[in-house]
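For reference, the chains in residue letters:
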Amino acid sequence: MTDRKSIQTSLIHSDYVAPSGFGAFPTAIHHASTVLFKDVAAMRSRNWQEKNAYTYGLHGTPTTFTLEGRLAEIEGGNHCLLAPSGLAAIAMVDFALLKTGDDVLLPDNVYNPNRELGRWLTRDYGITARYYDPLIGAGIAELIQPNTRLIWTEAPGSVSMEVPDIPAMTKIVREKRAAGQDIHVAIDNTWSAGLAFRAFDHGVDIVMHALTKYQSGGSDVLMGAVITQDKELIHRIEMAHMRLGFGVSADDTYLVLRGLPTMKLRFEAHDAGARKVAAWLKARPEISRVLHPAFEDCPGHLNWKRDFTGAGGLFSVVFNERYSEAQTDRFVDSLKLFKIGFSWGGANSLCIPYRIQNMRSNWQGSGQLVRFNIGLEEPGDLIADIEQAFSALG
Ligand SMILES: *Cc1c(COP(=O)(O)O)cnc(C)c1O
């Protein structure tokens, strides 16, 4: 120790480098705001957009680059950006691709905060957000205007569960793009975790995920991702990512990385459990419709059958019209294993009633809609819980 430092300096400087020759499965958690450059030339030559080197914590660390790379690979894309929540990922796409005078189309069953974002863009930013019937398919052609830049899709809508005909829509948009229009299709692919629906294979340009759900699997982290195959497109979105300052925490990134190895097994277990519970509900007189894409009651079921390989844990039911909201609220309150809360994709089953008539412009029927997230509990126990809660309907 020839070159002694003052305590103050020693508190700050250390010669720590990760030991070479140390191998382990987990990705290291790199916390960083400042990223160090070897010299001025290195600082000047690095391009934050190329992700070929590190420039600043907000633009990426080895931990976030690892998650981005893995998510792109899992989805069948080439480029990925992380955002602090699923909703932030949606907003990042909107702010990247829309400007005053532009038009965006959203499905009428869209994730409600995305609908609210559309309203805000319309009211305060001079962008028009219009809502289409989620089962419109090729009919989307009639709604596309010369200033339409973006079409959001959701497969399926996460409350009312209509499964759209994505290939029919992406075909139209590709034709428009070939004719010179700057227009893209984005999908909120959260429901299928990118496992049950391979969005890029069906012509989608931008895939968005709420990693909050199946990727993390722990009900303990909020994060979103945007994935593309096209480099120019990700660069446009990256400008919004940079300008909005969308960083994610290293610890949260680690939690999502930790969830990935078990995601497919968990998803399949959620799927099997949900189908058992949904099949039991289908046979019950209290329930008039089971809105689960694998069931024929579900609008767009044939699209699901053609394009999807699985279903996951989320579905809804519509109660018989003879039950009032007060009665179905009592049912939800009487559940013991199912807890009341938003979100899904974790090990715990959840249940939540929605006032669907207020959420949709042309919802048919007056039965109460209740959404279930089937967790990883034994399905027989969940069914017994629902059965005992039915007695609270009166
Ligand atoms: C949860 C969710 C989001 C938003 O994700 P957050 O991380 O909660 O912001 C977006 N779309 C769908 C379909 C979701 O379920």
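For clarity, every value in this text was computed on a predicted model and none was experimentally measured. (Residues numbered from 1 in each chain as written. Predicted model: local features only at pLDDT ≥ 70, side-chain atom pairs only at ≥ 80, totals over all residues. Heavy atoms only, no water.)

**A word on the site of the ligand**
Inclusion rule: Here a residue is near a molecule or strand as soon as one of its heavy atoms is found within 4 Å of it. We call two N or O atoms a polar contact when they sit within 3.5 Å, provided that within protein one can donate a hydrogen and the other can accept it, with sequence-adjacent residues counted only if both atoms are side-chain atoms. Surface accessibility in these figures is a Shrake-Rupley result with a 1.4 Å probe; residues are shielded only by whichever protein chains are displayed. Using protein atoms alone on a 1 Å grid, points that fit a 1.4 Å probe yet trap it form a cavity, whereas open point sets bounded by protein on both sides within 12 Å along at least five of seven lines form a pocket; residues with an atom within 4 Å of a point count as lining. What decides whether a molecule sits in a cavity or pocket is whether more than half of its atoms lie within 2 Å of the grid points. Each residue is assigned to one class: nonpolar for Ala, Val, Leu, Ile, Met, Phe, Trp, Tyr, Cys and Pro, charged for Asp, Glu, Lys and Arg, and polar for all the others, Gly among them.
By nearness alone, 14 residues border the ligand, and G86, L87, D188, T212 and K213 come closest of all. G86 is positioned with one of its backbone polar atoms (N or O) 2.7 Å from an oxygen atom of the ligand. Interatomic distance of 2.5 Å between a side-chain N/O atom of D188 and a nitrogen atom of the ligand. Its free accessible area being 380 Å², the ligand has 91% of it covered by the protein chains. Comparing atom positions with the cavity grids shows the ligand to sit within the largest pocket. Its residues assigned to classes, the shell around the ligand comprises six nonpolar, five polar and three charged.

**Considering the packing of aromatic side chains**
Quick reminder of the rule: Planes of paired rings set the category: under 30 degrees apart is stacked, over 60 is edge-to-face and the rest tilted, where pairs are Phe, Tyr or Trp rings (Trp by its six-membered ring) whose centres lie within 6.5 Å. What counts as a helix is a DSSP run of H or I of at least four residues, what counts as a strand is a run of E of at least two, and both are numbered from the N terminus. Three labels apply to residues, based on accessible area from a 1.4 Å probe with only protein chains included: buried if under 20% of the type maximum, exposed if over 50%, partly exposed otherwise in between. Working rule: Lys NZ or Arg CZ, within 6 Å of ring centre, within 35 degrees of ring normal, means a charge sits over the ring.
In total, this model carries 17 aromatic pairs according to the counting rule given. Each ring, one from F315 and one from F372, has its centre 5.6 Å from the other, and the planes form 35°; the classification is tilted. Here F372 lies in strand β12 (residues 369-373) and F315 lies in strand β9 (residues 314-319), a separation of 57 residues in the sequence. Neither residue differs from the other here; F315 and F372 are each classed as buried. A network of ring pairs unites the aromatic residues W280, F315, F319, Y323, F331, F338, F372 and F390 as a single cluster. Taking the ring centre of Y131 as reference, the NZ or CZ of R115 above it sits at 4.7 Å.

**Side note on the layout of surface pockets**
This is how the line gets drawn: Grid points are joined across faces, edges and corners, and a volume is the space filled by probe spheres set on the points. Those domain boundaries reflect an automatic or database domain assignment.
For the largest pocket, the calculated volume is near 530 Å³. Around the largest pocket sit 32 residues that line it, and Y111, N112, P113, S158 and K213 are the ones nearest its centre. When contributions to the lining of the largest pocket are tallied by element, the ones reaching two or more residues are α4 (86-97), α5 (112-124), β6 (206-210) and α11 (356-359). Taken together, the residues that form the lining of the largest pocket break down as 16 nonpolar, nine polar and seven charged. Split by domain, the residues of the lining of the largest pocket number at least three in each of domain 1 (40-257) and domain 2 (263-393).

**Here we look at the sheet that holds strand β11 (residues 350-354)**
The pairing of strands in a sheet happens through backbone hydrogen bonds and is either parallel or antiparallel. Applied cut-off: Two strands pair under a simple rule: DSSP has to find at least two bridges between them. Whether two residues are in contact is decided by their heavy atoms: any pair within 4.5 Å suffices. Here the axes come from fitting lines to C-alpha atoms, over the contacting stretch only for helices, and the angles between their N-to-C directions go from 0 to 180 degrees.
One open sheet holds the five strands; their spatial order is β8-β9-β12-β11-β10, and the pairing between them is mixed. Each edge of the open sheet carries a strand with a single partner, namely β8 (287-291) and β10 (339-340). Of the strands in this sheet, β9, β10, β11 and β12 touch helix α10 (residues 325-334), which is tilted by about 165° from β11.

**Some remarks on the domain arrangement of the protein**
We apply this condition: Summed over both partners, the accessible surface that disappears when two parts come together, traced with a 1.4 Å probe, is what is meant by buried area. By definition here, a salt bridge exists when the distance from a side-chain nitrogen of Lys or Arg to a carboxyl oxygen of Asp or Glu is within 4 Å.
Structurally, the protein comprises domain 1 (40-257) and domain 2 (263-393). In this structure, domain 1 and domain 2 have C-alpha centres spaced 27 Å apart. Between domain 1 and domain 2, the residue contacts involve 32 residues of the former and 37 residues of the latter. Buried surface at the junction of domain 1 and domain 2, summed over both partners, amounts to about 2,900 Å²; 63% is from carbon and sulfur atoms. Among the residues domain 1 hides against domain 2, the three largest losses belong to V159, W191 and Y214. Together they make up 27% of the total. Linking domain 1 with domain 2 are three salt bridges, by the criterion used here. We note a salt bridge from E162 to R360, for which the minimum N-O separation is 3.1 Å. Across the side of domain 1 that touches domain 2, the residue classes tally to 16 nonpolar, eleven polar and five charged.

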